[in-house]
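Residues per chain, in single letters:
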Amino acid sequence: MYFIGIDIGTSTISGVVYNFANKNITTLLSENDSALNPNNDWEKIQNPHRIFLIVEEILNEFCSKFDNIKGIGITGQMHGILYVDKQGNAVSPLYTWEDGRGNLNYKQDLSYANFLSEASGYVVSSGFGLVTHFYNLTNGLVPETAHRICTIMDYIVMKLSGRNIPLIDSTNAASLGFFNLENFDFDREALRKINISATILPEIKLSGSPAGLFKGIFPIYIAIGDNQASFLGSVREMENTFLVNIGTGSQISVYTDRLIKTETFDIRPFPGGGYLLVGAALFGGKSVLLLKTFIEQTLNLFLPGSAKEIDFYAVLNSLDYTAINRQITIHVDPIFAGTRTDSEKRGIISHISGENFTPENLIFGFLKGISNELMDFFRDFPDNIHQNMNNLVGSGNAIRLNPSLHNVIEETFRMKLHIPSHQEEAAFGACLYAIASGHYVSDFREVAKLIQYEINN
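Definitions and cut-offs
- Residues numbered from 1 in each chain as written.
- Predicted model: local features only at pLDDT ≥ 70, side-chain atom pairs only at ≥ 80, totals over all residues.
- Heavy atoms only, no water.
- Pairing = 2+ DSSP bridges.
- Helix = DSSP H or I, 4+ residues; strand = E, 2+ residues; numbered from the N terminus.
- 1 Å grid on protein atoms, 1.4 Å probe; cavity = no way out; pocket = protein on both sides within 12 Å on 5 of 7 lines; lining within 4 Å.
- Points joined across faces, edges and corners; volume = space filled by probe spheres on them.
- Nonpolar A, V, L, I, M, F, W, Y, C, P; charged D, E, K, R; others polar.
- Salt bridge = Lys/Arg side-chain N within 4 Å of Asp/Glu carboxyl O.
- Buried < 20%, exposed > 50% of the residue type's maximum accessible area, 1.4 Å probe, protein only.
- Core = buried A, V, L, I, M, F, W, Y, C linked by side-chain atoms within 4.5 Å.
- Expected span 1.5 Å × (residues − 1).
- Arc of directions from axis to C-beta.
- Polar contact = N/O pair within 3.5 Å; in protein donor to acceptor, adjacent residues only side chain to side chain.
- Patch = residues over 30% accessible without salt bridge, like charges linked within 9 Å, V, L, I, M, F, W, Y side chains within 5 Å.
- Areas by Shrake-Rupley, 256 points an atom, 1.4 Å probe, with all protein chains shown as cover.
- Phe/Tyr/Trp six-rings, centres within 6.5 Å; stacked < 30°, edge-to-face > 60°.
- Lys NZ or Arg CZ within 6 Å of the ring centre and 35° of its normal.
- Contact = heavy atoms within 4.5 Å.

> Just checking my understanding: could you explain the pairing of strand 16 (residues 218–221) for this structure?
Here is the key point about a regular strand: its side chains alternate between the two faces of the sheet. Both strand 15 (residues 210–214) and strand 16 contribute to a ladder of four bridges, which runs antiparallel. Counterpart to Phe214 in the pairing with strand 16 is Phe218.

Shown next as structure tokens:
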């Protein structure tokens, strides 16, 4: 029997088919080419119907090649929202997690996000779905026919299963903001204080709940957040493992069975119970892309067209990190898009001298900066979390495809970095989620035993 997992990423959409009997994995990747041209630089919007067509195409291909499909799990980019009407049709673009409207000035020198944090008592950031909705409400941008909001993966599940009302689980609901982690529901009193009607919210269901049938045949489950899916698809031993994930952004996550009060980290519900304690950086792997673009622009400035002949990542991974003098490496603080709590902060490149101002040192300064940002979160985890943690797992293509970054992370954390033997960890996690949701294993902990790691990494 087979299980399908889909991950709706910001730049790619990936699908995985898992053969439960022989453990074989088939992967299919598609570019997420749904980006829409914004009217403002701070807008980050995508076309939800285009995303649906890409997902549907992946599923149709899988369903034509594999029989006996027992379940479909969906995950994707958290925090963002779109509006749907009473028939379940999208009546707005997808406002993604990178959307910056919440950082715009609202009143009394407070941004929309900062105002909402002070008014409600919940720490929220630009890109959180209900921050986006509050901005749209304030500025008359909510479509007249809007009936509900939902995440992109909730929308996709709704359309695939033939429903017209979106369902959401706690992993995604919490990512919208103003979510009470003790009773696993939106804080309706807090929403009332900021004049947001709870009637716009999707219906909350338990993680693992069935949503319906794709094509009337294949069971599909309500979606989960990509952070939880990546953890589920990467970590075999939840109680003693840190997970570092580097994609467009970067995150360090650890599982805890207790609710921890903190303003430093995101606390996110985990399927089957418990929470993830998450330190999230906004730029992460995008820092490497920023450096790549800078180097290509420099090449083209002096030798027009020459950048096309250079494979940046091949050069990056050909560098010998062991030969770099760590004492003189350039320092890079890669907060190029600010932080969740301070949108005005910007990156810093420092400790530049006549000795170390070389391309190699700049490259390794960027890689070290990405790793150090995660290490800072690591150091701030509560002592009781540190006591049990002795495994480090890495996920995301930025780690998998860049051995130099892999080496930097191992040196920074002084731990061996284990890499899952399968690619597309979030999509694979959605597969495992479908297996557990269909009760083909006893619970979400049991399904983690299916994870394997690369032997030589």
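> Help me out: how do you make sense of the layout of surface pockets in this one?
By rolling a water-sized probe across the atoms, one finds the places where empty space is left. For the largest pocket, the calculated volume is near 1400 Å³. Residue lining of the largest pocket: 49 residues in total, with Thr10, Ser11, Gly247, Thr248 and Gly249 positioned closest to the centre. In terms of residue class, the lining of the largest pocket is built from 17 nonpolar, 22 polar and 10 charged. By volume, the second largest pocket amounts to about 1100 Å³. For the second largest pocket, the lining is made up of 49 residues, of which Thr262, Glu263, Thr264, Phe265 and Asp266 are closest to its centre. Elements that contribute at least two residues to the lining of the second largest pocket include exactly helix 5 (170–176), strand 12 (179–180), strand 20 (266–269), strand 21 (275–281), strand 22 (331–333) and helix 10 (359–380). With six residues, helix 10 is the largest single contributor of residues to the lining of the second largest pocket.

> I would appreciate a short explanation of the sheet that holds strand 18 (residues 241–246) in the present structure.
Pairing between sheet strands relies on hydrogen bonds along the backbone, with the strands arranged either parallel or antiparallel. Taken in spatial order, the six strands line up as 20-21-19-18-24-25 in an open sheet, and their pairing is mixed. Pairing within the sheet leaves two strands with one partner each, and these edge strands are strand 20 and strand 25 (417–418). As defined by bridge partners, strand 18 adjoins strand 19 (residues 250–256) across five bridges and the pair is classed as antiparallel. Bridge pairing in strand 19 places Phe242 opposite Val254.

> Looking at this structure, I do not really get the pattern of salt bridges. What am I missing?
When the charged atoms of two side chains lie near each other, side chains of opposite charge can form a pair. Scanning all chains against the criterion turns up 16 salt bridges. Between Lys292 and Glu296 there is a salt bridge whose closest N-O contact spans 2.7 Å. Of this pair, Lys292 and Glu296 both sit in helix 8 (residues 286–302), four residues apart, which is roughly one turn of the helix. Using a relative accessible area of 23% as the deciding quantity, one classes Glu296 as partly exposed. As a salt-bridge pair, Arg379 and Asp376 come within 3.1 Å of each other at their nearest N and O atoms. Taken together, the residues Arg379 and Asp376, both in helix 10 and three residues apart, mark about one turn of the helix. Under the relative-accessibility criterion, Asp376 is labelled partly exposed at 41%. Counted as one network, the salt bridges with shared partners bring together Glu43, Asp99 and Arg101.

> Any chance you could explain the nonpolar core here in plain terms?
Among the nonpolar cores identified, the biggest contains 75 residues, and Leu130, Phe242, Val244, Ile252, Ile409 and Phe413 are the most heavily contacted of them. Tallying contributions element by element places helix 10 first for this core, with 10 residues. Judged by nonpolar contacts, the second largest core, of 71 residues, contains Cys150, Ile220, Phe231 and Leu232.

> Would you explain helix 1 (residues 48–65) in this entry?
Given 3.6 residues per helical turn, the α-helix brings residues three or four places apart onto the same face. With 18 residues, helix 1 should cover 26 Å at 1.5 Å per step; its first-to-last C-alpha distance of 26 Å lies within 8% of that length. Regarding helix 1, the residues found buried are Pro48, Ile51, Phe52, Ile54, Val55, Ile58, Leu59, Phe62 and Cys63. Viewed along the axis of helix 1, the buried residues span an arc of 165 degrees, placing them on a single side of the element. Away from its buried face by more than 90 degrees, helix 1 exposes Glu57, Ser64 and Lys65. At the N-terminal end of helix 1, a side-chain oxygen is found 2.9 Å from the backbone nitrogen of His49, two or three residues along, and the residue is Asn47.

> Which parts of the structure should I look at to understand helix 14 (residues 425–437)?
With 13 residues, helix 14 should cover 18 Å at 1.5 Å per step; its first-to-last C-alpha distance of 18 Å lies within 8% of that length. Within helix 14, 13 of the 13 residues are buried, which leaves it mostly tucked inside the rest of the structure. Following helix 14 by one or two positions, His439 adopts a phi angle in the positive range, close to 65 degrees.

> When you look at the pairing of strand 24 (residues 391–395) in this model, what are you seeing that I'm missing?
Within strand 24, five of the five residues are buried, which leaves the element mostly enclosed by the surrounding structure. As defined by bridge partners, strand 18 adjoins strand 24 across five bridges and the pair is classed as parallel. Along strand 24, the bridge assignment pairs Val244 with Gly394. Taken together, the two bridges between strand 24 and strand 25 define a ladder with parallel strand orientation. Across the sheet, the residue bridging to Val393 is His418, located in strand 25.

> For this particular structure, what's the right way to read a nonpolar patch on the surface?
A cluster of nonpolar residues, Leu301, Phe302 and Leu303, forms a patch on the protein surface that exposes about 390 Å² of accessible area. Topologically, Leu303 is positioned in the loop between helix 8 and helix 9 (312–318). Residue Leu303 is classed as exposed on the basis of its relative accessible area of 55%.

> What's the story with the packing of aromatic side chains in this structure? I'm lost.
Each aromatic ring pair is summarised here by two numbers: the centre-to-centre distance and the angle between the ring planes. In the structure shown here, the tally under the stated rule is 27 aromatic pairs. Centre to centre, the rings of Phe265 and Phe377 are 6.1 Å apart; their planes meet at 55 degrees, and the pair counts as tilted. Placement of the pair is Phe265 in the loop between strand 19 and strand 20 and Phe377 in helix 10, with a sequence separation of 112 residues. On the basis of relative accessible area, Phe265 is assigned to the buried category, the value being 6%. One aromatic cluster in this structure is built from Trp42, Tyr106, Tyr112, Phe115, Phe134 and Tyr135. Lys23 extends its terminal NZ or CZ atom over the ring of Phe20, reaching a point 5.4 Å from the ring centre.

> What is the right way to look at unusual backbone geometry in this model?
Across the chain, the bulk of peptide bonds are trans and the bulk of non-glycine residues have phi less than zero. A positive phi is found at Lys215, a non-glycine position, where the angle reads about 60 degrees. The backbone phi angle of Glu424 is positive, close to 55 degrees, even though this residue is not glycine.

> Help me understand the side chain of Asn32, please; the structure alone is not making it clear to me.
Turning to its location among the elements, Asn32 is positioned in the loop between strand 3 (25–31) and strand 4 (45–46). A polar side-chain atom of Asn32 sits 3.5 Å from the main-chain carbonyl oxygen of Thr10. Setting aside its immediate chain neighbours within four residues, Asn32 contacts Gly9, Thr10, Ser11, Thr12, Ile13, Gln46, Ile51, Ile54 and Gln77.

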